[in-house]
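This is what each chain is made of:
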Amino acid sequence: MRWSEFVAKVRERGQYPTAKEAERVSRIVLSALGGHLAGPERTELAVRLPEEGMRVLTDQLRASEPLSGSRFVDSVAARIEGATPATARWDVSSVLSVVAELAGDDLIGRIIDRLPPGYALLFGRAQLAQVPQLV
């Protein structure tokens, strides 16, 4: 997939008025995600993205602390002028649901397992809660 096709999918998914807006949001979200992924999953995801997306994802230094899904959305909101937590959640989900399609179920499952709680829905997946077993 070419970068322009990735941006077009994000634009459609997020209902952005222009490709420029979809590209801006894509870069911000991929950049933020790149700081929170490590290990083989980061590399595997990078090679499944268009070349420009791969660069944006991998040019990021490792984040100093892991963020829950909610705090990740808040961090993206801080990077987007005029964003609220609700609009940032929309932006993050618009981009990460396209990323999930490119990555496939196995890789996204492993990525979600390595990230703190709260990312599954951002990737368009359900996250089952662990229920303690009563003996």
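Structural data are supplied above this passage.
Here is a short report on the structure shown in this document. (Residues numbered from 1 in each chain as written. Predicted model: local features only at pLDDT ≥ 70, side-chain atom pairs only at ≥ 80, totals over all residues. Heavy atoms only, no water.)

Quick look at helix 7 (residues 105-114)
Taken residue by residue, helix 7 has L107, I108, I111 and I112 as its buried positions. The buried residues of helix 7 all sit within an arc of 135 degrees when viewed along its axis, so they share a single face. In helix 7, the exposed positions angled more than 90 degrees off the buried face are occupied by D105, D106, D113 and R114. Tucked into the core, helix 7 has its buried residues touching helix 3 (39-48) and helix 6 (85-103). (Buried < 20%, exposed > 50% of the residue type's maximum accessible area, 1.4 Å probe, protein only. Helix = DSSP H or I, 4+ residues; strand = E, 2+ residues; numbered from the N terminus. Arc of directions from axis to C-beta. Contact = heavy atoms within 4.5 Å.)

Remarks on the packing of helix 1 (residues 3-14) against helix 6
Relative to each other, helix 1 and helix 6 sit at 130 degrees, their axes nearing to 9 Å. Compared by their axis directions, helix 1 and helix 6 come out oblique. For the pair helix 1 and helix 6, the sense of crossing is right-handed. Contacts from F6, K9, V10, R13 and G14 of helix 1 reach helix 6 at W90, S94, V95, S97, V98, V99, E101 and L102. For the contact of helix 1 with helix 6, the class distribution of residues is 7 nonpolar, 3 polar and 3 charged. (Axes fitted to C-alpha atoms, helices over the stretch in contact; angles between N-to-C directions. Parallel < 35°, antiparallel > 145°, perpendicular 65-115°, else oblique. Left-handed = near helix turned anticlockwise from the far one by under 90°. Nonpolar A, V, L, I, M, F, W, Y, C, P; charged D, E, K, R; others polar.)

Things to note about the side chain of H36
Mapped onto the secondary structure, H36 falls in the loop between helix 2 (19-34) and helix 3. Accessibility expressed as a relative area gives 13% for H36, which makes it buried. Ignoring anything within four residues of it in the chain, the contact list for H36 reads R62, A63, E65, P66, L67, F72, L115 and Y119.

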